[in-house]
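Residues per chain, in single letters:
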Amino acid sequence: MSIENEVTVKLNLEGLLCPIPVVKVAKAIKDLPVGGVLEATATDPGVLADIPAWARTTGNEVIKIEREGKLVRFLVRKLK
Amino acid sequence: MENPTDGVTLIVCSGDMDKVMAALNIAIGAAASGKEANMFFTFWGLKAIQKGNLTGNSFFGKMMGIMNRGGIDRIGPSRFNFWGIGRWMFNQMMKMHKITPIAELRQTAIDLGVKLLPCQMSMEVMEIKKEDLIDEAQPSCGVATMLEMAYRSKATLFI
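Values in this document were obtained by computation on a predicted structure and should not be read as measured data.

A. Expanded view of the overall build of chain B. Broken down by element type, chain B carries six helices and four strands. Along the chain direction, N to C, the helices and strands of chain B fall in the order β-α-β-α-α-α-β-α-α-β. In terms of overall size, chain B behaves like a compact globule, its C-alpha atoms giving a radius of gyration of 15 Å where 159 residues would be expected to give roughly 15 Å. With respect to the principal axes defined by its C-alpha atoms, chain B has extents near 45 × 40 × 25 Å.

Pasting the structure below:
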């Protein structure tokens with residue numbers, strides 16, 4: 001099963017700037033079961049550094065984070 | 001990265017020469033004693049890591065670029081600046097007392113491995129592009145990155 005099939009929730013963070021993307025991801029992760037995967041798209045290039053930093057401090061896993069032009073797409077798995 | 005260190009995190013919000021100088025001094029002091037030192041430049045602080053060219057796209061952005069022009073040699077003291085005369089005077093006095101010029105301090109910090117992190121949100125607001133920042137600046141980031149550094153540090157200062 002590919003990771004894309006595991007996505008439990010999708011978030012659109014396009015146009016939002018720091019710190020809102022982190023806040024929305026944290027909120028959405030809270031409602032997920034452990035092991036659940038969140039997929040999000042953002043336009044703030046700051047999330048490239050911020051989402052991995054947030055994941056390290058909260059103990060969650062960034063499965064993938066990549067830039068597609070102006071868009072940043074990432075997958076986060078809830079670990080605890 | 002995950003291991004706690006005893007470094008220092010400096011949040012440089014001010015673009016005043018005196019405060020940037022103090023921040024650079026602290027970072028250099030920490031780096032010179034083998035500690036990790038990170039400087040997060042937000043709002044007016046960004047001026048300290050700008051190349052100094054005119055910035056902005058929109059009308060307001062361009063106005064901001066003219067009236068609030070960045071560059072380490074352009075920032076003035078928080079008091080007695082008098083449209084640049086005070087800055088000139090301070091620089092003369094610093095020369096007189098053989099104090100390292102601020103641009104040289106910044107270079108020393110870079111040479112010692114101090115990380116200079118620009119705040120993406122401030123860049124967005126003030127219409128400052130990556131190209132407007134010095135090449136030594138790290139990729140832009142936000143509050144989560146700054147906090148992660150702060151959690152690892154023994155001291156965090158907001159300047």
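B. Looking closely at the environment of M121 of chain B. Within the secondary structure layout, M121 of chain B lies in helix α5 (residues 120-126). On the basis of neighbour counts, which here come to 20 C-beta atoms within 10 Å, the residue M121 of chain B falls in the buried class. Along the sequence, M121 of chain B and C141 of chain B sit 20 residues apart, while their C-alpha atoms lie 8.2 Å from each other. Those residues in contact with M121 of chain B, other than ones at most four positions away along the chain, are L17, C18 and G46 of chain A together with G142 of chain B.

C. Representation of helix α1 (residues 17-32) of chain B. Residues and elements named next belong to chain B. Over its 16 residues, α1 extends 22 Å from the first C-alpha to the last, a length consistent with the 22 Å expected when each residue adds 1.5 Å. Buried residues of α1: M17, V20, M21, A23, L24, A27, A30 and A31, and no others. Phi turns positive one or two residues past the end of α1, at G34, with a value near 80°.

D. Summary view of the interface of chain B and chain A. Listed by partner, the interface residues are 14 residues for chain B and 14 residues for chain A. Top contributing element to the side of chain B that touches chain A by residue count: helix α6 (residues 143-152) of chain B, with six residues. Looking at side-chain class alone, the side of chain B that touches chain A contains seven nonpolar, four polar and three charged residues.

E. Focus on the pairing of strand β2 (residues 37-41) of chain B. All names here are of chain B. Extensive coverage of β2 is indicated by the burial of five of its five residues. Across five bridges, strand β1 (residues 8-12) lies against β2 in parallel orientation. When the sheet's bridge partners are listed, I11 is paired in β2 with F40. Remark: the β1/α1/β2 crossover connection has right-handed handedness. Pairing of β2 with strand β3 (residues 115-118), which is carried by four bridges, proceeds in the parallel orientation. When the sheet's bridge partners are listed, N38 is paired in β3 with K115.

F. Here's a closer look at the nonpolar core. Residue and element names in this part refer to chain B. In this structure, V12, V20, A27, M39, F40 and F41 are the most contacted members of the largest nonpolar core, which totals 58 residues. Looking at this core element by element, the count peaks at eight residues for α1. Apart from residues no more than four positions distant in its own chain, F40 is found in contact with T9, L10, I11, V12, L117, C119 and M146.

G. Spotlight on unusual backbone geometry. Look at the link from C18 of chain A to P19 of chain A: it is a cis peptide, with omega at 5°. With respect to the secondary-structure elements, P19 of chain A resides in the loop between β1 (7-13) and α2 (20-30). In the Ramachandran plot, F80 of chain B falls in the positive-phi region, its phi being about 55° despite a non-glycine side chain. Along the polypeptide, F80 of chain B turns up in the loop between α2 (59-67) and α3 (85-96).

Definitions and limits used
Numbering of residues starts from 1 in each chain and follows the order in which that chain's sequence is written. Working convention: letters from A go to chains and numbers from 1 go to ligands, in the order in which they are written. Note on the predicted model: pLDDT of at least 70 is required for a residue's local features to be given, and 80 or more for side-chain atom pairs to be given and counted; whole-chain, interface and lining totals, by contrast, use all residues. For helices the rule is a DSSP run of H or I covering at least 4 residues; for strands it is a run of E covering at least 2, with both sets numbered from the N terminus onward. Radius of gyration: over C-alpha atoms. The globule rule applied is 2.2 Å multiplied by the number of residues raised to the 0.38 power. Residues are called buried when their C-beta atom has 20 or more other C-beta atoms within 10 Å, exposed when it has 12 or fewer, and partly exposed otherwise; all C-beta atoms are positioned from the backbone. Whether two residues are in contact depends on their C-beta atoms, placed from the backbone: they are in contact if these lie within 7 Å. In a helix, the anticipated span is given by 1.5 Å times the number of residues less one. Each residue is assigned to one class: nonpolar for Ala, Val, Leu, Ile, Met, Phe, Trp, Tyr, Cys and Pro, charged for Asp, Glu, Lys and Arg, and polar for all the others, Gly among them. Pairing between strands is defined by DSSP: at least two bridges between the two strands are required. Handedness of a crossover is defined as follows: orient the strands so they point away from the viewer, and if the path from the first strand over the helix to the second runs clockwise, the crossover is right-handed. Working definition: the nonpolar core is a set of buried Ala, Val, Leu, Ile, Met, Phe, Trp, Tyr and Cys residues, joined through C-beta atoms within 7 Å.

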